[in-house]
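Descriptive analysis of the structure
Each chain is listed here by its residues.
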Amino acid sequence: MGVSTIFYYIMGLFLLYIVGIILVWPIKKIIKLIWNGVLGGITLLLFNFIGNYFGLSIVINPLNAIIVGFLGVPGVILLLVLQMMI
């Protein structure tokens, strides 16, 4: 085994590492987005359960769940304001 073979082996491992980082980063973002959407849906479900006593409700759909997942409580308030405007 020559020096050039070892060098190419190390370069191949380095390139494999770089490709792995490039592929894993977007997957982490997608998983975080899905997780926040699920938490947003649960938040909307709880809000609808409690808000039902006050005559307030927000439709649970993927877009609303993602909005609440991204923004949290301000997202719920935003959806309420948008619902009142319509």
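Residues take numbers from 1 onward in each chain, read along the sequence in its written order. The model is predicted, so local features are restricted to residues of pLDDT at least 70 and side-chain atom pairs to those at 80 or more, both for listing and for counting; the totals for chains, interfaces and linings are taken over all residues. The side-chain values count all of the structure's non-hydrogen atoms but skip hydrogen atoms and water molecules.

The name given to the chain in an unreviewed UniProt entry is Inhibitor of the pro-sigma K processing machinery, with the source organism recorded as Tissierella praeacuta DSM 18095.

Digging into the UniProt feature "transmembrane region" (unreviewed entry) in the chain
UniProt positions are given in the numbering used here, feature names are shortened, and annotations may be inferred rather than shown by experiment. Sequence positions flagged by UniProt for "transmembrane region" (unreviewed entry) are, in local numbering, residues 6-26, 33-51 and 63-82. The distance separating the terminal C-alpha atoms of residues 33-51 is 26 Å; by composition the span is 100% helix and 0% strand. For helices the rule is a DSSP run of H or I covering at least 4 residues; for strands it is a run of E covering at least 2, with both sets numbered from the N terminus onward.

Here's the deal with the side chain of Asn36
With respect to the element layout, Asn36 can be found in helix 1 (residues 3-51). A simple rule labels every residue: compare its accessible area, found with a 1.4 Å probe on the protein chains alone, to the largest value its type can have, and call it buried under 20%, exposed over 50%, or partly exposed in between. The buried category is assigned to Asn36, whose relative accessible area is 17%. The criterion used for residue contact is that any of the two residues' heavy atoms lie within 4.5 Å. The contacts of Asn36, once residues within four sequence positions are left out, are Ala65 and Gly69.

With respect to the packing of helix 1 against helix 2 (residues 62-71)
Following both chains from N to C, one finds helix 1 and helix 2 inclined at 105 degrees, their axes separated by 7 Å at the closest point. The angle between helix 1 and helix 2 falls in the class roughly perpendicular. Across the interface between the two elements, Leu33, Asn36, Gly37, Gly40, Gly41, Thr43 and Leu44 of helix 1 pack against Asn64, Ala65, Ile66, Val68, Gly69 and Phe70 of helix 2. Under this scheme, a helix contributes an axis fitted over its contacting stretch, all axes are lines through C-alpha atoms, and angles between N-to-C directions fall in the 0 to 180 degree range. For classification purposes, an angle smaller than 35 degrees is called roughly parallel, one larger than 145 roughly antiparallel, one from 65 to 115 roughly perpendicular, and anything else oblique.

With respect to the confidence of the model for the chain
Each residue carries a pLDDT score, the predictor's own confidence in it, on a scale running from 0 to 100. Averaged over every residue, the pLDDT of the chain is 82; residues scoring 70 or more account for 99%. The least confident element of the chain, judged by mean pLDDT, is helix 1 at 81; the most confident is helix 3 (residues 73-85) at 86.

Some remarks on helix 1
Its 49 residues place the ends of helix 1 71 Å apart at the C-alpha level, agreeing with the 72 Å of an ideal helix rising 1.5 Å per residue. Where helix 1 is buried, its residues meet helix 2 and helix 3. Expected helix span is given by 1.5 Å per residue-to-residue step, counting one fewer step than there are residues.

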